[in-house]
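Understanding the architecture of this molecule
Now for the letters of each chain:
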Amino acid sequence: MIVEDNVLRSDWIVAGKIEDIKEAPKQVVLMSERIVLFRNEEGIHAFKDLCIHRGASLSLGCVKDGNLVCNYHGWEYNSEGTCVKIPQLPEGRPIPLKAKAMNYLCKEAYGFVWINLNNNNPDFFSYPPYMDENYRNVLWGPQEVNANPPRIVENFLDVGHLAFIHEGFLGVQEHAVINDYDVHTTEDKIYCDEIAIFQPDPDGSGQSKDVFYTYEILRPLTVLFTKRDPDTENKMTILLTIMPVEDRKSIAFGVMSFNYDTGTTDQEIIEFQDMIFAQDKPIVENQKPEELPLDLQIELSLKSDRMSIAYRQYLKRLGVTLGTD
Ligand code: FES
Ligand code: CO
C-alpha cells in the first residue's frame, strides 16, 4: 500500500499548515500513522501519538512549560521526546531510560509543516516564488480526497482535461488539441516545454487567448505548474503537495503564487481554486484502478500525456509501491 511506502517515508511529507498548529497538541494521520504535532518556544514538533506508559494518545494532553504532557498519568516529554517527569515516581527514583516518545524530524517551510517519518533527513525541494518578493503567495487547502495521492498528482499534471472538466474556466472544447511538447529531466526536477492552452478569459478582461503552461515534478507527491501570459508576462504558479492519510484517503494542499495584481482577495483566490478542484475531485475519486498503473502497457496514452507518463516512470524509477498488498 502506498501509505506504507518506504520511499515516501524517507521523504518530506506535508502534514498541515503552520498556522493551524497552535500550542495545543493536534493529531494528524500521516501514512496510516497517528502523529501528534505541538508547538513550544523552539517551534513545531512531531511525535508518534502514543505514550509509552499505557498507550494513551498524547494529542489528548497539553503543553506545559514547553513539554508535552500525557493527560492520563501526567508524564511529561521534552522537545526531543525524552520523558523528563513521571509524577508517580517516589522522590529520588530515576526516570527509566526507555521513557521516550518517538520523535519524527519535522520542518516548517513554505507555510507548511513537513514530516520525515524515517528520520533520514533527505534534501528538501526548493520553491523559488515563495522567497521572491515580486510574488504574492496564497496558501490553499486542506482539501480531503478519497483517492490515492498519485491519482491526484497525475490529474494536476494532465493538460488534456482542462478543456473538458474545466470548460469555460481553463479551456474550451473547440480548442482541445494539445500540440506535441517535450519533457526534460534534470537533477532536481522533471519539467516540460511550454504548452499553449486556449483560455476563454485568462486575466478577467473578457478576452480569450492562448496562455502557456509548464509543469514540473519536484518530488513524488509535490508538483507545480506555471501559467504565463505572453502579452503581459504575468505568471501564476501553483505548487501542489499531497498528504497521504490512509489507503485511498489524501489531503491536498497548495501554494498559489502570482507576480501580478490579481485584483482579488486571498479568499476569492482560494474559493476559485476550491471550485476548480471540486471539478477534478469526482474524477480522481472514481478512477480505476485506484493505484496509478506504472506499467505503461496498462491504459492507453497519447503523446499529449507525456507529462503523466514521465510521472509514472519517475515513481517506478524511485520504487514507490502503489500496490494493494
Ligand atoms: Fe501516558 Fe500513562 S499513558 S502517562
Ligand atoms: Co483539473
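It should be emphasised that the depicted structure is a prediction, and the values quoted were computed from it without experimental measurement. (Residues numbered from 1 in each chain as written. Chains lettered and ligands numbered in written order. Predicted model: local features only at pLDDT ≥ 70, side-chain atom pairs only at ≥ 80, totals over all residues. Heavy atoms only, no water.)

Turning to the coordination of the cobalt ion (ligand 2), a few remarks are in order. Taken together, His 161 (NE2), His 166 (NE2), Asp 280 (OD) and Asp 280 (OD) make up the protein donors of the cobalt ion (ligand 2), found 2.0 to 2.3 Å from the metal. Coordination geometry of the cobalt ion (ligand 2): the four donor atoms subtend angles of 59 to 149 degrees at the metal centre, consistent with an arrangement described as irregular. Donor residues binding the cobalt ion (ligand 2) come from one chain and are separated in sequence as H-x4-H-x113-D. Of the two residues, His 166 is situated in the loop between helix H4 (162-165) and strand E12 (183-185) and Asp 280 in helix H5 (residues 266-286); the sequence distance between them amounts to 114 residues. (Donors = N, O, S within 2.8 Å, 3.2 Å for Na, K, Ca; no water. Tetrahedral: all angles 85-135°; square planar, octahedral: opposite > 155°, others 65-115°. Helix = DSSP H or I, 4+ residues; strand = E, 2+ residues; numbered from the N terminus.)

Turning our attention to unusual backbone geometry. The residue after Gly 141, namely Pro 142, is reached through a cis peptide bond having omega 5 degrees. Looking at the element boundaries, Pro 142 is found in strand E11 (residues 136-145). At the junction of Lys 288 and Pro 289, the peptide bond is cis and its omega measures out at -10 degrees in the coordinates. Among the secondary structure elements, Pro 289 is positioned in the loop between H5 and helix H6 (306-318). For Asp 65, which is not a glycine, the phi torsion comes out positive at approximately 50 degrees. Since its relative accessible area comes to 71%, Asp 65 is described here as exposed. We note that Asn 121 has phi near 50 degrees; this positive angle belongs to a residue other than glycine. (Buried < 20%, exposed > 50% of the residue type's maximum accessible area, 1.4 Å probe, protein only.)

Further remarks concern the pattern of salt bridges. For the structure on display, the rule yields 18 salt bridges. The salt bridge involving Lys 189 is made with Glu 216; its shortest N-O contact spans 3.3 Å. One end of the pair, Lys 189, is in the loop between E12 and strand E13 (190-192); the other, Glu 216, is in strand E15 (residues 209-219), and 27 residues separate them in sequence. For Lys 189, a relative accessible area of 27% translates into the label partly exposed. What you see here is one network of salt bridges that share partners, running through Arg 151, Glu 154, Glu 299 and Arg 312. (Salt bridge = Lys/Arg side-chain N within 4 Å of Asp/Glu carboxyl O.)

Looking now at the domain arrangement of the protein chain. Each assigned domain of the protein chain is listed with its residue range as follows: domain 1 (6-116) and domain 2 (128-318). Of note, the centres of domain 1 and domain 2, computed from C-alpha atoms alone, are 34 Å apart. At the interface, 18 residues of domain 1 touch 20 residues of domain 2. Carbon and sulfur atoms supply 71% of the area buried between domain 1 and domain 2, which totals about 1,500 Å² over both sides. For the pair domain 1 and domain 2, the number of links is one salt bridge. Its salt-bridge partner being Arg 219, residue Asp 11 comes within 3.1 Å of it at the nearest N-O pair. At the surface where domain 1 touches domain 2, the tally comes to six residue pairs in polar contact (both at pLDDT 80 or more). (Domains from an automatic or database assignment. Contact = heavy atoms within 4.5 Å. Buried area = accessible area lost by both parts, 1.4 Å probe. Polar contact = N/O pair within 3.5 Å; in protein donor to acceptor, adjacent residues only side chain to side chain.)

Across all of its chains, the model carries two cavities of 30 Å³ or more by this definition. Size it by volume and the largest cavity reaches roughly 80 Å³. For the largest cavity, the full set of lining residues is Pro 202, Asp 203, Val 211, Lys 227, Arg 228, Asp 229, Asn 234, Lys 235, Met 236 and Tyr 260. Secondary-structure elements contributing two or more residues to the lining of the largest cavity are strand E16 (222-228) and strand E17 (235-246). Here the lining of the largest cavity is built from residues that sort into four nonpolar, one polar and five charged. Residue lining of the second largest cavity: Asp 11, Trp 12, Ile 13, Val 14, Trp 114, Arg 219, Pro 220, Leu 221, Thr 222, Thr 241 and Ile 242, and that is the complete set. (1 Å grid on protein atoms, 1.4 Å probe; cavity = no way out; pocket = protein on both sides within 12 Å on 5 of 7 lines; lining within 4 Å. Points joined across faces, edges and corners; volume = space filled by probe spheres on them. Nonpolar A, V, L, I, M, F, W, Y, C, P; charged D, E, K, R; others polar.)

This part is about the sheet that holds strand E6 (residues 67-69). Taking strand neighbours across the sheet as the criterion, the four strands line up as E5-E6-E7-E8 in an open arrangement whose pairing is antiparallel. In this open sheet, the two edge strands, each paired with only one partner strand, are strand E5 (62-64) and strand E8 (83-85). (Pairing = 2+ DSSP bridges.)

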